[in-house]
Amino acid sequence: ISRTADLRVYHLGLRPGEITVGSPSRALTIASHLDVTPKPFQLSSERGFLTITGRYKGVPVSICSIGMGTPNTVAMDFFVREVRECLIGDMLTIRLGSCGGLIDVPVGTVVVPKACTVDIAVTRNVDYNFVNPPASNSSEKPYWISKPVFADPTFHDIVKSALNDSKPEGCTTKIVAGIVNASADSFYASQGRQTSFPDCNQTLIQQIIDSTEDVATLEMETHHLYHLAACWSAGRIAVNSAPLGTGPVMGEHAPTQRALAAPGTVIRAAAAQMIFASRTSQDFITPAQVQETEKWTGKGVLEALIRVELSDDRTHPVDGSVWETK
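Below: a short report on this structure. All values derive from a computational prediction rather than experimental measurement.

A few points about the overall build of the protein
On a plain count of helices and strands, the protein comes out with six helices and 11 strands. Going through the 326 residues of the protein one by one, you find that 52% of them count as buried. Carbon and sulfur atoms make up 53% of the accessible area of the protein, which totals about 15,100 Å².

Details of the packing of aromatic side chains
Note on aromatic pairs: each is described by the distance of the centres and the angle between the planes. As enumerated under the stated definition, the model contains four aromatic pairs in all. Ring geometry for phenylalanine 49 versus phenylalanine 78: centroids 6.3 Å apart, planes at 70°, classification edge-to-face. Of this pair, phenylalanine 49 sits in the loop between β1 (41-44) and β2 (50-56) while phenylalanine 78 sits in helix α2 (residues 75-84), placing them 29 residues apart in sequence. With 5.0 Å between their ring centres and 85° between their planes, phenylalanine 187 and tyrosine 188 make a pair best called edge-to-face. Taken together, Tyr128, Phe130 and Tyr143 form an aromatic cluster joined through their ring pairs. The ring of phenylalanine 130 has arginine 124 sitting right over it, with the charged end atom 3.8 Å from the ring centre. The residue whose ring lies beneath arginine 193 is phenylalanine 187, and the NZ or CZ to ring-centre distance is 3.8 Å.

Focus on the nonpolar core
Grouped together as the largest cluster of nonpolar side chains are 34 residues, with contacts concentrated most on Leu34, Ile94, Phe155, Val159 and Leu163. Looking at this core, the elements that each hand over two or more residues are α1 (24-31), β2, β3 (59-65), β4 (91-101), β5 (110-117), α3 (153-166), β11 (267-278) and α6 (287-307). Here phenylalanine 155 is in contact with Leu92, Thr93, Ile94, Arg268, Ala269, Ala270, Ala304, Leu305 and Val308, once residues within four sequence places are set aside. In terms of nonpolar packing, the next biggest core, distinct from the first, is built from 20 residues, Phe79, Val80, Leu225 and Trp232 among them.

Brief notes about the packing of α3 against α6
Two numbers describe how α3 lies on α6: the axes approach to 8 Å, and their chain directions differ by 135°. Overall, the two elements α3 and α6 adopt an arrangement that is oblique. Where α3 crosses over α6, the two elements pack in a sense that is right-handed. Contact residues: α3 offers Phe155, Ile158, Val159, Ser161, Ala162, Leu163, Asp165 and Ser166, while α6 offers Trp296, Thr297, Lys299, Gly300, Val301, Glu303, Ala304, Leu305 and Arg307. For the contact of α3 with α6, the residue count by class is nine nonpolar, four polar and four charged.

Some details on the packing of α2 against helix α5 (residues 222-234)
Their axes nearest at 9 Å, the elements α2 and α5 cross at an angle of 35°. With respect to the hand of their crossing, α2 and α5 are arranged in right-handed fashion. Every residue of α5 that contacts α2 at Met76, Asp77, Val80, Arg81 and Arg84 is listed here: His224, Leu225, Leu228 and Trp232. Grouping the amino acids of the contact of α2 with α5 by side-chain chemistry returns five nonpolar, one polar and three charged.

Quick notes on the rules
- Residue numbers restart at each chain and count upward from 1, following the sequence in its written direction.
- This being a predicted model, a pLDDT of at least 70 is required before a residue's local features are given, and a value of 80 or more before pairs of side-chain atoms are given or counted; all residues contribute to the totals for chains, interfaces and linings.
- Only hydrogens and water are set aside; all other atoms, that is, all heavy atoms of the structure, feed into the side-chain values.
- Where helices and strands are cited, they refer to DSSP runs of H or I of at least four residues and of E of at least two residues respectively, numbered from the N terminus.
- Categorising residues by exposure relies on relative accessible area from a 1.4 Å probe, with only protein chains included: less than 20% of the type maximum marks a residue as buried, more than 50% marks it as exposed, and the intermediate range marks it as partly exposed.
- To measure how exposed things are, a 1.4 Å probe is used in the Shrake-Rupley method; for residues, cover is taken only from the protein chains shown.
- Ring geometry is summarised as follows: Phe, Tyr and Trp rings, the Trp one being its six-membered ring, pair when their centres sit within 6.5 Å, and such pairs are stacked at plane angles under 30 degrees, edge-to-face over 60 and tilted between the two.
- Geometrically, a lysine NZ or arginine CZ counts as sitting over a ring once it is within 6 Å of the ring centre and also within 35 degrees of the ring normal.
- Definition of nonpolar core: a set of buried residues of the types Ala, Val, Leu, Ile, Met, Phe, Trp, Tyr and Cys, connected through side-chain atoms within 4.5 Å.
- In what follows, residue pairs with any heavy atoms lying within 4.5 Å of each other are defined as contacts.
- For every element, the axis is a line fit to its C-alpha atoms; helices are fit only across the contacting stretch, and the angle between N-to-C directions ranges from 0 to 180 degrees.
- These descriptions rest on fixed angle ranges, namely under 35 degrees for roughly parallel, over 145 for roughly antiparallel, 65 to 115 for roughly perpendicular, and the rest for oblique.
- It is the rotation of the near helix from the far one that decides the hand of a crossing: anticlockwise by less than a right angle makes it left-handed, clockwise makes it right-handed.
- Each residue gets one label: Ala, Val, Leu, Ile, Met, Phe, Trp, Tyr, Cys and Pro are nonpolar, Asp, Glu, Lys and Arg are charged, and the others, such as Gly, are polar.

Here's what the structure looks like:
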């Protein structure tokens, strides 16, 4: 992995002992639930990533804002790969983000996807002739839809339970679990939105729905999180990388001397997604709904993280890190 001379991963600007969500404002909302002691550590990297690390009910956790969308090889790829390289032991990660709804539920509904379809990846076929498309019976298609990749099933159920327990009394927001999510490689073309560009996507939404049973939501990030988690947990390759010669971010915490990203560790991934826009009714969530929903779902995902029991040999050491209590 690319590191600076003081062992910081290049894009997030983090190093061991300083260690999800799309928008910075959402990260700050979630961070409002963190313990006062130790004081949460906040780092903004030169590449636009915001990380807030602290404790929730005494348990070390981190919140990372990675921005939105794809190419998946950018934001989510940087996040999963570089955070994994900063950790000893297992990695538990939940994406709390927004999505569009393909089923008839109100905007504001919170979904917990069991699997992610496109990009299952919806991916635009860049070799397709969009300007002069071939006949409809051609084997060449403008978009590819992949097979599904799955969330950690136990973690999925924990997230659902924690969200239900965190929902304020009297809140009528629905929580829907066990659905399939589709991750597209763009906001417009690969999500079937019509613009002035020749995208050949008039039937894409129906193709997505027909491709996989229980498809209910559409966004741009979760598939790659689930994919990398599955790849890591199936087996890893030991690689030594020389540090880069420059340091984009400086910090005060000394790097650990223990082995990072050890063989036999796992990444357990799940997601909670708030439906901001309905593709059936064309309704859109209000700012007041966003603020209210982010508050309690942020608490819910933190509750889910601390409900997973890890033995001491599967956790990152706190000595010398920002999690250390003095």
